[in-house]
Amino acid sequence: MSTADRLRSRALLALVVMSAVVIITGTVVGVVAPGAALGGNEDTGTHADPASVSSERDLSGLERQMADRLASRARSGSLNVSREDARRAREALNGSEYESLLNRYADVAEETGQVDRAIAFRRVRSDQLELTTAIDRYWTLYGLYQEPRNGTFEYSQYNNTSRQEIKRDLARQLEGEWQTIKQSRSELVTSQRRLAEVTGENVTASLDTINESVREVNVTQQEVRDEQFIETRLTVEADDRQASFRDPLVIRGRLVTEAGEPIRNDTATFAVGNQTLNTTTDDTGAFTLSYRPTTIPANATTVTVRYAPGNQSLYLGDAQSVPVSITPVVPTVDVSVTPEQASYNETVQVSGRIGTAEAGAGNVSYLVSLGNRVLAANRTAHNGTFARNVSIPTSVADGRQTVQVFAIFDEQALRPTTGSTTLDVAATETTLSADATRVDERTIRVSGSFATAAGEPVPNQEITVRANGTVLGTISTGSAGNFDTQLTIPSGVGSAGPFDSISTIRLEFQFEGTGTNLRESRTGGSVTLSSPPIGLWAGGALGVLVVLAGAGLGVRKIRERRRTGVSSQLDRESVTLDTGHPVSEYDTQTLVEQARDRLSADRPQEAARIGYIALRQQFAQTSDAAGQTPWEFYRDQTDSELGESASKTLQRATELYEWARFNSSSESVPARDVESVLNDIRELLSQSEFAD
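Residues numbered from 1 in each chain as written. Predicted model: local features only at pLDDT ≥ 70, side-chain atom pairs only at ≥ 80, totals over all residues. Heavy atoms only, no water.

1. Structural notes on the overall build of the protein
Part 1 of the reasoning: Across its full length, the protein holds 14 helices and 24 strands.
Part 2 of the reasoning: For the protein, the proportion of its 692 residues judged to be buried stands at 41%.
Part 3 of the reasoning: Here the contacts in the protein between residues at least 6 apart in sequence split such that 63% fall between residues at least 24 apart. (Helix = DSSP H or I, 4+ residues; strand = E, 2+ residues; numbered from the N terminus. Buried < 20%, exposed > 50% of the residue type's maximum accessible area, 1.4 Å probe, protein only. Contact = heavy atoms within 4.5 Å.)

So, in structure tokens, the structure goes:
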């Protein structure tokens with residue numbers, strides 16, 4: 001090298017180093033400077049974020065301001081529950097502004113140690129909402145009751161029904177709303193008083209307004225009662241206070257009107273505890289009930305008997321209590337499953353009975369589980385029987401699994417218990433398909449689908465994605481069994497050399513199936529990444545200066561080195577044929593056959609390399625390929641008149657060659673991929689334009 005050349009080389013190196021320094025410095029300043037420039041005025045007003053208030057005194061002041069606003073809202077919500085304002089009050093209580101104020105106050109109260117205040121405000125708001133909603137519903141129904149069929153309400157359920165029957169049905173609904181209002185009013189009074197205890201707020205005016213609003217409903221409903229119903233009196237007594245599910249409580253009673261007239265020979269419905277019992281009164285209004293306690297608390301000392309007339313009945317209900325002493329009983333749970341074998345997403349029926357030899361336990365809760373996975377919940381029929389269809393989820397492992405039915409009780413007249421049987425869960429074969437494309441330098445987009453072998457999509461399953469053996473992430477399938485997302489390939493996976501711009505990444509998609517009734521499934525693929533060679537990237541920002549200063553000399557020397565290195569690499573190809581001679585001494589057809597022989601001998605690495613050299617040797621007969629890297633050769637060929645099929649075959653052969661020669665992992669080139677490429681090479685060489 002001449003002295004002038006050496007000087008130009010040193011000048012080029014200096015400019016490259018300078019470029020790197022400028023780029024790195026600019027990047028750091030760009031990251032740090034924006035943060036240093038941030039600033040602005042702090043808002044310490046009423047709407048301040050509690051985290052931004054600097055002192056406890058400021059925070060206490062903010063808490064007081066917000067508490068005053070909430071107290072005002074609480075008073076307003078209680079003062080506006082009258083007939084005219086109930087709807088507006090409900091809408092205000094439901095508004096997002098009130099909810100937002102409560103949430104902000106909760107944050108502040110947590111900082112000041114006043115969490116009980118936040119809870120009290122939230123409870124008042126909840127109780128106000130329940131009461132105003134019930135009052136609004138009551139007055140809406142009452143408007144319909146006054147003018148049925150006035151065109152403001154759809155009475156399709158009352159076809160061929162008289163006006164009087166409609167009014168009676170509405171009156172029964174008004175009775176139910178009235179009971180709700182009385183209960184809601186009691187709960188709101190309690191929560192208002194609690195708020196007064198923790199805040200010192202005077203709630204007298206609020207309570208007075210609540211009571212006045214409820215009194216208005218009481219007066220109105222009494223008028224409705226007088227118009228539509230006859231009040232009744234109920235008397236009851238028990239033969240013995242001892243009761244259990246096996247030994248029922250016998251209740252005797254009499255039902256008469258408020259005037260003392262017996263309700264004769266009437267089919268009457270009674271609610272006893274949480275059960276509904278039907279009976280018929282005799283000529284004197286007398287009746288008998290047999291009550292088997294189920295979900296009443298085991299420590300109960302009384303049980304309520306309530307007369308519950310139907311919607312079209314002339315009578316109003318009445319209630320009385322009788323003393324009781326409960327002896328708890330453990331019922332039996334009989335379970336069967338049909339069919340006895342099933343696989344993923346197939347339906348089986350779990351049926352049986354909860355009760356004792358004396359009777360079934362009606363209207364009690366139960367759970368159905370399979371392999372410790374709860375699949376269904378329901379209540380038994382009146383005779384204690386149950387039947388529930390359930391589908392087999394993926395989360396139950398294949399094999400013999402236990403089906404359990406839990407009778408749910410908690411310190412009640414019936415004790416919790418379980419019944420079980422078994423079900424044979426068969427494994428299901430699966431299929432996985434996937435594809436990958438490059439998004440940018442180190443990001444790829446992966447998409448595909450997961451299904452059973454029968455083609456049924458499987459949602460909510462985890463697919464693990466690996467690149468050259470390194471886990472990139474786990475993807476969950478969607479409702480249609482598909483997935484489509486982007487993943488980042490770490491810089492250490494499949495990185496190109498300092499002067500290489502393309503690397504092929506081998507991908508593997510796997511569903512492991514562990515803990516499920518689905519078989520494992522996997523598929524593979526590959527993606528080609530390209531990036532600027534790192535030696536050129538460092539001086540990219542000052543590329544124009546580099547070219548002006550001596551790019552000609554630098555580029556020429558780099559090209560000479562790469563050609564020399566690649567040429568010698570191909571010349572020293574270590575794969576030899578059985579004769580011991582280098583592959584370069586054989587014609588193309590012989591090389592292809594030798595590649596297939598290596599594949600048959602389970603040596604896919606050598607087969608991939610020989611196949612590529614055969615194809616390159618054939619194409620090189622019509623081009624100047626000396627010293628080109630595999631990807632330079634590929635780009636040269638695809639820039640020519642090479643057809644789409646030939647170009648695709650060369651690309652795949654190049655990818656496999658680089659994998660076989662440069663991959664550092666212990667996993668071999670997939671034999672099926674090599675076989676496919678060799679078949680394409682043989683077919684390509686049989687075409688006239690590529691034949692020798």
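2. Examining the nonpolar core
Part 1 of the reasoning: By size, the foremost hydrophobic cluster in this structure holds 30 residues, and its most contacted members are Tyr-612, Leu-615, Phe-619, Leu-650, Leu-656, Val-674 and Ile-681.
Part 2 of the reasoning: Those elements giving two or more residues to this core turn out to be helix 10 (588-600), helix 11 (604-620), helix 12 (630-639), helix 13 (644-662) and helix 14 (671-685).
Part 3 of the reasoning: With eight residues, helix 11 is the single largest residue contributor to this core.
Part 4 of the reasoning: Judged by nonpolar contacts, the second largest core, of 28 residues, contains Ile-135, Leu-144, Ile-166 and Ile-181. (Core = buried A, V, L, I, M, F, W, Y, C linked by side-chain atoms within 4.5 Å.)

3. Looking at the packing of helix 11 against helix 12
A packed helix pair is summarised by two numbers, namely the angle formed by the two axes and the spacing between the axes.
Part 1 of the reasoning: Contact geometry for helix 11 and helix 12: axes closest at 12 Å, N-to-C directions at 45°. Judged by the inter-axis angle, helix 11 sits oblique to helix 12. Crossing angle aside, the handedness with which helix 11 passes helix 12 is left-handed. Here helix 11 contributes Tyr-612, Arg-616, Phe-619 and Ala-620 to the contact with helix 12, which in turn contributes Pro-630, Phe-633 and Gln-637.
Part 2 of the reasoning: Broken down by class, the residue content of the contact of helix 11 with helix 12 amounts to five nonpolar, one polar and one charged. (Axes fitted to C-alpha atoms, helices over the stretch in contact; angles between N-to-C directions. Parallel < 35°, antiparallel > 145°, perpendicular 65-115°, else oblique. Left-handed = near helix turned anticlockwise from the far one by under 90°. Nonpolar A, V, L, I, M, F, W, Y, C, P; charged D, E, K, R; others polar.)

4. Considerations on the side chain of Thr-380
Part 1 of the reasoning: Along the polypeptide, Thr-380 turns up in the loop between strand 14 (373-379) and strand 15 (385-391).
Part 2 of the reasoning: The class of Thr-380 is buried, set by a relative accessible area of 6%.
Part 3 of the reasoning: A distance of 2.7 Å separates the side chain of Thr-380 from the backbone oxygen of Ala-361, its partner in a polar contact.
Part 4 of the reasoning: What Thr-380 contacts, discounting residues up to four positions off in sequence, is Ile-354, Ala-361, Gly-362, Asn-363, Val-364, Tyr-366, Thr-385 and Phe-386. (Polar contact = N/O pair within 3.5 Å; in protein donor to acceptor, adjacent residues only side chain to side chain.)

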